[in-house]
Amino acid sequence: MQQFEVFKESLLKLIEKFSLEDQTALVTGGAGLLGKQFTRTLGEAGAKVVVADKDFAAAYAHAQKLREFNIRAIAVKVDVTDPESVSALVDHTFSEYDSVDVLVNCAALDPKFDPQHIAEQSGNRFEHYPIEAWQASLDVNLTGVFLTCQAAARKMVEQGSGVIINISSIYGLVGPDQRIYPRSGGQAQFKPVDYPVTKAGILGLTRYLAAYYAGTQIRVNALTPGGIYHQHDDAFTANYSAKAILGRMAAEDEMNGALLFLASDASSYMTGANLIVDGGYTAW
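As the structure is a computational prediction, the values presented were derived from the model and not from experiment.

Further remarks concern the pattern of salt bridges. This model, assessed by the stated rule, comprises eight salt bridges. For the salt bridge of Glu 21 with Arg 72, the shortest nitrogen-to-oxygen distance reads 4.0 Å. Here Glu 21, found in the loop between helix 1 (2–16) and strand 1 (24–28), pairs with Arg 72, found in the loop between helix 3 (56–68) and strand 3 (73–77); they are 51 residues apart in sequence, far enough to count as distant. Using a relative accessible area of 37% as the deciding quantity, one classes Arg 72 as partly exposed. The salt bridge partner of Asp 177 is Lys 243, with a shortest N-O separation of 3.2 Å. With a gap of 66 residues between them, Asp 177 in the loop between strand 5 (162–167) and strand 6 (183–184) and Lys 243 in the loop between helix 7 (234–241) and helix 8 (256–263) connect regions that are remote in the sequence. A single network of salt bridges, built from pairs that share partners, joins Glu 21, Asp 22 and Arg 72.

With five of five residues buried, strand 1 is to be regarded as a mostly interior element. Alternating residues of strand 1 divide into Thr 24, Leu 26 and Thr 28 and Ala 25 and Val 27, and every residue in both groups is buried. In terms of strand pairing, strand 1 meets strand 2 (residues 48–53) through five bridges, oriented parallel. Bridge assignment links Thr 28 to a residue of strand 2, and that residue is Ala 52.

If you trace the backbone, Thr 28 turns up in strand 1. The class for Thr 28 is buried, based on a relative accessible area of 2%. A distance of 3.1 Å separates the side chain of Thr 28 from the backbone nitrogen of Cys 106, its partner in a polar contact. Here Thr 28 is in contact with Ala 52, Val 80, Leu 89, Val 104, Asn 105, Cys 106, Ala 107 and Thr 148, once residues within four sequence places are set aside.

This part takes up the sheet that holds strand 2. What the seven strands build is an open sheet, ordered 3-2-1-4-5-8-9; its pairing is parallel. Each edge of the open sheet carries a strand with a single partner, namely strand 3 and strand 9 (274–277). Across the sheet, the axes of successive neighbouring strands diverge by a mean angle of 20°, strand direction being ignored. The strands that helix 5 (residues 131–159) touches are strand 1, strand 4 (102–105), strand 5 and strand 8 (218–225); relative to strand 4, the one it contacts most, it runs at about 180°.

Right, let's talk about the layout of surface pockets for a bit. By volume, the second largest pocket is sized at about 270 Å³. Around the second largest pocket, the lining comprises 17 residues; the ones closest to its centre are Ser 161, Gly 162, Val 163, Gln 217 and Arg 219. Those elements giving two or more residues to the lining of the second largest pocket turn out to be strand 5 and strand 8. A class-by-class count of the residues in the lining of the second largest pocket yields six nonpolar, eight polar and three charged.

Rules used throughout
- Residue positions are given per chain, counting from 1 as you read along its sequence in written order.
- Given that this is a predicted model, residues contribute local features only at a pLDDT of at least 70 and side-chain atom pairs are listed and counted only at 80 or more, while totals for whole chains, interfaces and linings are drawn from all residues.
- As a convention, hydrogens and water are excluded, and side-chain values are obtained from all of the structure's heavy atoms.
- Salt bridges are counted wherever a side-chain nitrogen of Lys or Arg sits within 4 Å of a carboxyl oxygen of Asp or Glu.
- Numbering of helices and strands starts at the N terminus; helices are DSSP runs of H or I of at least 4 residues and strands are runs of E of at least 2.
- A simple rule labels every residue: compare its accessible area, found with a 1.4 Å probe on the protein chains alone, to the largest value its type can have, and call it buried under 20%, exposed over 50%, or partly exposed in between.
- DSSP bridges decide pairing: two strands pair if at least two such bridges lie between them.
- A 3.5 Å cut-off defines polar contacts: any pair of N or O atoms within that distance qualifies, except that in protein one atom must be a possible hydrogen donor and the other a possible acceptor, and neighbouring residues in sequence count only when both atoms are side-chain atoms.
- Any two residues whose heavy atoms approach within 4.5 Å at even a single point are treated as in contact.
- Whenever a helix is involved, its axis is fitted only over the stretch in contact; in every case the axis is a line through C-alpha atoms, and angles between N-to-C directions fall within 0 to 180 degrees.
- Put plainly, a pocket is an open set of points on a 1 Å grid over the protein atoms alone with protein on both sides within 12 Å along at least five of seven lines, a cavity is a set where a 1.4 Å probe fits but cannot get out, and a lining residue has an atom within 4 Å of a point.
- Grid points are joined across faces, edges and corners, and a volume is the space filled by probe spheres set on the points.
- Asp, Glu, Lys and Arg are counted as charged, while Ala, Val, Leu, Ile, Met, Phe, Trp, Tyr, Cys and Pro are counted as nonpolar; the rest, among them Gly, fall into the polar class.

Written out as structure tokens, the structure reads:
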């Protein structure tokens, strides 16, 4: 009986490490596919949540839904490419909740191949890829993360602690296998060059910041998801799944555990790391 009580106490201490009670979590791209998952997960762990997104209507609707689950949540409109907008976001977060404890950089331009977006991906050949599209991805996916990290870090330095999680992609580690992408009416479609390049840059930025804040209580890590199923067609789903050791795409909620681990004290000895959750896609 005594042994069971010791085990129970040890288990409770472990569970407590995942608590974010009274902390503030700011998620950019908070109204997106992963952003919605992450904001709810952080809120359920006890955090006060800021749903930051360029689409304020979507962010507001999602924050309202989170409040229905008794999660403290507000919505803030932000353009991550605009330094003033980003600074205003962090200032508003701090004025509302008195801290910025966790920053999740989830906002990104990601050329998708689900039914809603697949028609947009017919002009992505590298030889003719428009400089405007390349620059837009650099602005959002890389400079946007730089700006939000910079603004949040100023508050975290004042507080003496903080956690930053940058969302990368398996395409930040390996080149896209263009053979898995569909052919629409005989026309080849490609994952374009800007997405892998910017997601690789996220990993470099993560390591830089982790090293820069050595000796402080500010930790910076990356989370690298594999492909997440979102009503993709059967051909793409089968092609992608064949490349993953687990033989399938991820469900929308299968990044939540890893995200909470990185956000909480459960990962207190991790910084400068890249947590890969890809069903074994990059392990072959």
